[in-house]
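Given next are the chains, with one letter for each unit.
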Amino acid sequence: MRTVGRAWALLVALSLPALAGDGGTPEPARFAWPKLQVLEQVESNEIVEAGGVPVALRAVHVKESARELVQRFADAFRNGGLYVPPGKAQPQLASNAAMLTAVDPRRRITYTVILQPQPDGTTTLYLGEANHALARAPGTETDFAPLPPGAQGVLRINGEGSRTLTFHVPLTGEQVQTFYDGALAKAGWKRGDEAGVYTRSGEELRLVHEPGEGGQRAVVLLLQSRAR
């Protein structure tokens, strides 16, 4: 589940709108998530840092269908005084998942819910709150792997027991693979049995890359601890 949480955080961070302060009027009560018929607490609360923004994550399995929940969350966001971007501005996900984001401009908090329908009509929800008021400029001092020349749009995500680097680079898949085969070998990493996996004492690094927009290559590096 932590892998799902990290992927979710990445999607949230990439979709966060720029927030501006809004003053002059009394603040409404802080937004509270609507009550749900929870079947299972899929994942306990976790705080990750995405692009310097702390994001609180929670995943639950609920009885309600995704179809009815989309409207319920949209109504809850609006009734809570949040700004809900129009449908075309909302991020789109594959695998029949829906994603809805709303913004509290006064508190500089972005709320996001991902709804994943299940075959039995229930829904798995990923709920997150990104607090831009506590954001800090991410540095490179904690990078666990080098970046290829020309890397753009670098996003750093730091969570409990894991760190992620994601970026785009004007290289082919073969060039990305060659760069990291060499760079990681120099840093003491050994190629694992599974493609894109590297290991060293107590750590595992996964490299995933695929075609991106404009001829760029989308690259994700995930570092996590592993059982000895």
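Residues numbered from 1 in each chain as written. Predicted model: local features only at pLDDT ≥ 70, side-chain atom pairs only at ≥ 80, totals over all residues. Heavy atoms only, no water.

A.B. asks: Can you tell me about the nonpolar core, naming the residues and giving the values?
C.D. replies: Grouped together as the largest cluster of nonpolar side chains are 20 residues, with contacts concentrated most on Trp 33, Phe 73, Phe 77, Val 113 and Leu 125. Counting residues per element, the ones that place at least two in this core are strand S2 (53-62), helix H2 (66-79), strand S3 (98-104), strand S4 (109-117) and strand S5 (123-131). With six residues, the single largest contributor to this core is H2. Apart from the residues lying within four places of it in its own chain, the contact partners of Phe 73 are Trp 33, Pro 34, Leu 36, Leu 100, Val 113, Leu 115, Leu 125 and Leu 127. Membership of the second largest hydrophobic core comes to 15 residues, among which are Val 169, Val 176, Leu 184 and Leu 223. (Core = buried A, V, L, I, M, F, W, Y, C linked by side-chain atoms within 4.5 Å. Buried < 20%, exposed > 50% of the residue type's maximum accessible area, 1.4 Å probe, protein only. Helix = DSSP H or I, 4+ residues; strand = E, 2+ residues; numbered from the N terminus. Contact = heavy atoms within 4.5 Å.)

A.B. asks: Tell me about the pairing of S5, and name the residues and values.
C.D. replies: Within S5, seven of the nine residues are buried, which leaves it mostly tucked inside the rest of the structure. Taken together, the eight bridges between S2 and S5 define a ladder with antiparallel strand orientation. Note that in S5 the partner of Val 55 across the bridge is Ala 130. Bridging between S4 and S5 involves nine bridges; their strand directions are antiparallel. Bridge pairing in S5 places Ile 109 opposite Asn 131. Between S4 and the antiparallel strand that follows it, S5, lie five residues; Gly 121 among them carries a positive phi value of about 90°. (Pairing = 2+ DSSP bridges.)

A.B. asks: Quick rundown of helix H3 (residues 173-186)? Include the residues and the values.
C.D. replies: Between its terminal C-alpha atoms H3 stretches 20 Å, which fits the 20 Å expected from 14 residues at 1.5 Å a residue. For H3, the full list of buried residues reads Gly 173, Val 176, Gln 177, Tyr 180, Ala 183 and Leu 184. When H3 is viewed along its axis, its buried side chains cluster within an angular range of 145° and face the same direction. Structural note: H3 exposes Glu 174, Thr 178 and Lys 186 on the side pointing more than 90 degrees away from its buried face. (Expected span 1.5 Å × (residues − 1). Arc of directions from axis to C-beta.)

A.B. asks: Residues and numbers for H2, please.
C.D. replies: Taking 1.5 Å of rise per residue, 14 residues should cover 20 Å, and H2 covers 20 Å from first to last C-alpha, within 8% of that figure. Regarding H2, the residues found buried are Ala 66, Leu 69, Phe 73, Ala 74, Ala 76 and Phe 77. All buried residues of H2 project into a common sector of 165° when viewed along the axis, lining one side. Facing away from the buried side of H2 by over 90 degrees, the exposed positions are Arg 67 and Asn 79.

A.B. asks: Describe the pattern of salt bridges, naming the residues involved and giving the relevant values.
C.D. replies: Enumeration over the complete set of coordinates arrives at nine salt bridges. A salt bridge links Arg 156 to Asp 143; its shortest N-O distance comes to 2.7 Å. Of this pair, Arg 156 sits in strand S6 (residues 152-159) while Asp 143 sits in the loop between S5 and S6, placing them 13 residues apart in sequence. On the basis of relative accessibility, which here comes to 11%, the residue Arg 156 falls in the buried class. Judged by its relative accessible area of 24%, Asp 143 is partly exposed. A salt bridge links Arg 206 to Glu 194, with the nearest nitrogen and oxygen atoms 3.1 Å apart. Residue Arg 206 is located in strand S10 (residues 203-211), and its partner Glu 194 is located in the loop between strand S8 (190-191) and strand S9 (197-200); the two are separated by 12 residues in the primary sequence. (Salt bridge = Lys/Arg side-chain N within 4 Å of Asp/Glu carboxyl O.)

A.B. asks: Could you give me a rundown of the packing of aromatic side chains, with the residues and numbers involved?
C.D. replies: If you walk through the whole model with that rule in mind, you get eight aromatic pairs. Each ring, one from Phe 73 and one from Phe 77, has its centre 6.4 Å from the other, and the planes form 50°; the classification is tilted. With Phe 73 and Phe 77 both in helix H2 and four residues apart, this pair spans about one turn of that helix. Residue Phe 73 is classed as buried on the basis of its relative accessible area of 1%. The interplanar angle of 90° and the centroid separation of 4.9 Å between the aromatic rings of Phe 179 and Tyr 180 together place this pair among those described as edge-to-face. Since its relative accessible area comes to 26%, Phe 179 is described here as partly exposed. (Phe/Tyr/Trp six-rings, centres within 6.5 Å; stacked < 30°, edge-to-face > 60°.)

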